[in-house]
2 protein chains.
Amino acid sequence: MAGQIEPIQRMVSELARLPGIGQKTAQRLAYHIVGLPLEEVHALAAALWQGRKAIRYCERCGNFSSGEMCDVCADEQRANGQICVVRDPRDVAAMERMQDYHGLYHVLHGTLSPMDGVGPGDIRIKELIARIGTEEVTEVILATNPDIEGEATATYIARILKPMGVKCTRIAHGVPVGSDLEYADEVTLSKAMEGRREL
Amino acid sequence: MAGQIEPIQRMVSELARLPGIGQKTAQRLAYHIVGLPLEEVHALAAALWQGRKAIRYCERCGNFSSGEMCDVCADEQRANGQICVVRDPRDVAAMERMQDYHGLYHVLHGTLSPMDGVGPGDIRIKELIARIGTEEVTEVILATNPDIEGEATATYIARILKPMGVKCTRIAHGVPVGSDLEYADEVTLSKAMEGRREL
């Protein structure tokens, strides 16, 4: 763009590649960054680069980790027989925010999606099956997303694990707490009715 | 936050320091960045850090520059006697986007603001006066923002330069093109009336 020198242009174009950051926002950010003291920009750039380099995946569950094992797997108290299966590491973070689940995780790093060519061999299903053999597993909680791929993946995994004698459960579908019935879609409402419990 | 390892936490907290980036957005960006290939993250971090390091200010006009002189000052065709005075380099970029101004700039790096302790000695006014002495200047266009500080700064500079025999002009105030009269504030409308021209 006219009037913008190359270093700023490059900053803008790199920032604009991030999700949800448009050209205008990227420009605003670039001008802000250019006005920051050198050490603050260094801290930002280092946090991104060093942070990205430091990220590994837990060898057991596939969660983000800075070492061989993630914090959850390293905590022996958490090997209580439960494994919660999720699509990706950010789902682990969401679950942990709840502070209500005390078992282990298994991160699939994707969900089955024949349309996109993602088959059972492309996600960490065989690693999950291997864990059933080596760990004391009493329950596998299938917590993939409540969408078509997530449902298909949960069903697929349950079909493999149940013959192995493992109890498989699926997280409940229903109306979100704090939401308004009026705005709930029909499928959610029908799931909520189906899953009703006696008080 | 629970479930988030240190490198991601640091990424989130650094990103959240940027203007307009809240905790949620920072988290979304961090997870995106963590999932990117190493080389893409390197390109981003390098653009920020190298870009920030490369930024200098033009020795003549104070605009962003990668060398001693900015692109505008280096272009001999642009020394047409006009100097457009703006508050900061991003205003130069805005002016250049217009592609309609062919003179030079002078970036003040601030505006007079007694309340914030910014006096004439704190912004690049004496550098502007020095330019009047050494360059062929026929017109100084005061294009500081149409707010209290911008107006005060324009008036202050005009009062110094006019006795030196320099023609000083102020950009027009009025209703923005494409806007709706109904939503224009009274001051803008009265300025628009005051500055009306015969058709």
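Above this text sits the structure in question.
Our subject in this report is the structure included herewith. (Residues numbered from 1 in each chain as written. Chains lettered and ligands numbered in written order. Predicted model: local features only at pLDDT ≥ 70, side-chain atom pairs only at ≥ 80, totals over all residues. Heavy atoms only, no water.)

Running from amino to carboxyl end, helix α1 (residues 6-15) of chain A crosses helix α3 (residues 38-54) of chain B at an angle of 150°, the nearest separation of the two axes being 9 Å. Judged by the inter-axis angle, α1(A) sits roughly antiparallel to α3(B). Regarding α1(A) and α3(B), the two cross each other, and that crossing is left-handed. Each of Pro7(A), Arg10(A), Met11(A), Glu14(A) and Leu15(A) in α1(A) lies in contact with α3(B), whose residues at this interface are Glu40(B), Ala43(B), Leu44(B), Ala46(B), Ala47(B), Leu48(B), Gln50(B), Gly51(B), Arg52(B) and Ala54(B). (Axes fitted to C-alpha atoms, helices over the stretch in contact; angles between N-to-C directions. Helix = DSSP H or I, 4+ residues; strand = E, 2+ residues; numbered from the N terminus. Parallel < 35°, antiparallel > 145°, perpendicular 65-115°, else oblique. Left-handed = near helix turned anticlockwise from the far one by under 90°. Contact = heavy atoms within 4.5 Å.)

Our focus in this paragraph is the pairing of strand β3 (residues 82-86) of chain A. All names here are of chain A. β3 sits mainly inside the fold: four of its five residues count as buried. Bridge analysis of β3 against strand β5 (residues 139-142) gives four bridges, and the strand direction is parallel. The residue bridging Ile83 from the neighbouring strand is Val140, located in β5. By the bridge criterion, four bridges tie β3 to strand β4 (residues 104-107) in an arrangement that is parallel. Across the sheet, Val85 pairs through a bridge with His106, a residue of β4. Crossover handedness for the path β3 to helix α5 (residues 89-98) to β4: right-handed. (Buried < 20%, exposed > 50% of the residue type's maximum accessible area, 1.4 Å probe, protein only. Pairing = 2+ DSSP bridges. Right-handed = clockwise from strand over helix to strand, strands pointing away.)

Between chain A and chain B, the superposition needs a rotation of 179° and an axial shift of 0.0 Å, giving an RMSD of 0.1 Å. Viewed as a symmetry operation, the transformation between the two copies matches a two-fold axis. Within chain A, the C-alpha atom positioned nearest to the axis of rotation is that of Ala45(A), 2.3 Å from it. (Least-squares fit on C-alpha atoms with pLDDT ≥ 70 in both.)

Listed per partner, the contact involves 49 residues of chain A and 49 residues of chain B. When chain A packs against chain B, close to 4900 Å² is buried across both sides, 73% of that on carbon and sulfur atoms. Ranking the residues of chain A by area buried against chain B places Tyr31(A), Leu48(A) and Arg52(A) at the top, with a combined share of 13%. Linking chain A with chain B are two salt bridges, by the criterion used here. (Buried area = accessible area lost by both parts, 1.4 Å probe. Salt bridge = Lys/Arg side-chain N within 4 Å of Asp/Glu carboxyl O.)

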